[in-house]
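What the coordinates show
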Amino acid sequence: MSGKPSRGSRVRAEDIHRWGPVWSRRVGWFLAHAWWNTTVHGAENVPRTGPVLVASNHTGVIDGPLLHGVIPRGSHFIIKQEFWDTPLGFLMTLAGQIPVDRSNGRAALAVAQQLLHEGRVVGIFPEGNRGRGRVESTRAGVAWLAVHGRAPVVPVACLGTRPSGKKVGYVPPPRARLHVVFGKPLVIDTERREGGNRELMARAMKQIHEGLAAHVEDAVHLTGVPLPSH
């Protein structure tokens, strides 16, 4: 692979550094536990072997590196291509992350599917964009990956990364109190019934959407940390 990252619409499985999470996870761990003060709940819910799809709510700009650092295994996150267009974009390539062109995410999904087939951990934010983190909607890609990647879906809630009144680009100050809550894996029903593939995808997306939304609500009650009001 060349040092120049592929655009999200052209990314290939061979473009992804499998060794990237070895070092980048350590950086994320330092940010989570030394720079910020992060409490991790339910890490034992992440299977120690085999393919895993980690699906999280999304309220703040630090959700990605925070999660990358506290997942108990190395992970490859699907991240919007725009991050590769910044001066630090090359770090995303070295970290083994997956760029996605949000106007056409098929290439990124194919790469993520291959990584899951290799027994790796793939992270995704099903809401697509940072917002209130209530999981009021989910995109179809997460359901496609769960079905075609044959992976259990671990729901995650990131809390405290953006308080009410702060913009989506807010970065918490040092020693800010954060919480990451892992839920029990959702085993997606992949049985094909009347209605074929369309019905299967709709059913999987509904199961993930409802499971993640319920988990986020439970996590708020567990930690006492509210989601942003807007």
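Structure report, in brief. (Residues numbered from 1 in each chain as written. Predicted model: local features only at pLDDT ≥ 70, side-chain atom pairs only at ≥ 80, totals over all residues. Heavy atoms only, no water.)

Digging into the pairing of strand E5 (residues 121–124)
Side chains Val121 and Gly123 of E5 all project onto a buried face; the interleaved residues Val122 and Ile124 project onto the opposite face, where all are buried too. Across four bridges, strand E2 (residues 52–56) lies against E5 in parallel orientation. From the neighbouring strand, Val52 faces E5, where its bridge partner is Val121. In this structure, strand E3 (residues 75–80) lies alongside E5, joined through three bridges in parallel fashion. If you follow Phe77 over to E5, its bridge partner there is Gly123. (Buried < 20%, exposed > 50% of the residue type's maximum accessible area, 1.4 Å probe, protein only. Helix = DSSP H or I, 4+ residues; strand = E, 2+ residues; numbered from the N terminus. Pairing = 2+ DSSP bridges.)

Focus: the pattern of salt bridges
When charged atoms on two side chains of opposite charge get close, those side chains can pair. Scanning the entire structure with this criterion turns up seven salt bridges. Between Glu14 and Arg12 there is a salt bridge; the shortest N-O distance is 3.5 Å. For Arg203, the salt bridge goes to Asp189, with nearest N and O atoms at 3.1 Å. In this pair, Arg203 sits in helix H6 (residues 196–223) while Asp189 sits in the loop between strand E7 (177–182) and H6, placing the two residues 14 residues apart along the sequence. Residue classification places Asp189 among the partly exposed residues on the basis of a relative accessible area of 25%. Through salt bridges with shared partners, a single network forms among Arg12, Glu14 and Asp15. (Salt bridge = Lys/Arg side-chain N within 4 Å of Asp/Glu carboxyl O.)

So, the nonpolar core
In terms of nonpolar packing, the biggest core is built from 29 residues, with Leu53, Ile78, Ile98, Val122, Leu145, Val153 and Ile188 touching the most fellow members. Among the secondary structure elements, those contributing two or more residues to this core are E2, strand E4 (98–100), helix H4 (106–117), E5, helix H5 (140–148) and H6. In terms of residue count, H4 provides more of this core than any other element does, seven residues in total. When neighbours within four sequence positions are excluded, Ile188 is seen to be in contact with Ala146, Val147, Val153, Ala204, Gln207 and Ile208. Membership of the second largest hydrophobic core comes to 22 residues, among which are Val46, Leu66, Ala176 and Val180. (Core = buried A, V, L, I, M, F, W, Y, C linked by side-chain atoms within 4.5 Å. Contact = heavy atoms within 4.5 Å.)

Some points on the packing of aromatic side chains
The full count for this structure, using the stated rule, is one aromatic pair. Relative to Phe125, the ring of Phe77 lies with its centre 5.7 Å away and its plane at 35°, an arrangement referred to as tilted. Within this pair, whereas Phe77 is found in strand E3, its partner Phe125 is found in the loop between E5 and H5, the two being separated by 48 residues in sequence. Each member of the pair, Phe77 together with Phe125, is buried. (Phe/Tyr/Trp six-rings, centres within 6.5 Å; stacked < 30°, edge-to-face > 60°.)

A look at the packing of helix H1 (residues 20–35) against helix H2 (residues 63–70)
For the pair H1 and H2, the least separation of the axes is 7 Å and the interaxial angle reads 105°. In terms of their interaxial angle, H1 and H2 are classed as roughly perpendicular. Listed contacts from H2 to Pro21, Ser24, Arg25, Gly28, Trp29, Leu31, Ala32 and His33 of H1 are Pro65, Leu66, His68, Gly69 and Val70. (Axes fitted to C-alpha atoms, helices over the stretch in contact; angles between N-to-C directions. Parallel < 35°, antiparallel > 145°, perpendicular 65-115°, else oblique.)

So, H5
Side chains that are three or four residues apart share a direction in an α-helix, a result of its 3.6 residues per turn. Among the residues of H5, those classed as buried are Gly141, Val142, Ala143, Leu145, Ala146 and Val147. Packed against the buried residues of H5 are E2, E3, H4, E5, strand E6 (153–159) and H6. Looking one or two places after H5, you find Arg150, whose phi comes out positive at around 50°.

Let's talk about unusual backbone geometry
One non-glycine residue, Arg150, adopts positive backbone phi at about 50°. In this fold, Arg150 is placed in the loop between H5 and E6. Its identity is not glycine, yet Arg175 carries a phi of approximately 65°, on the positive side.

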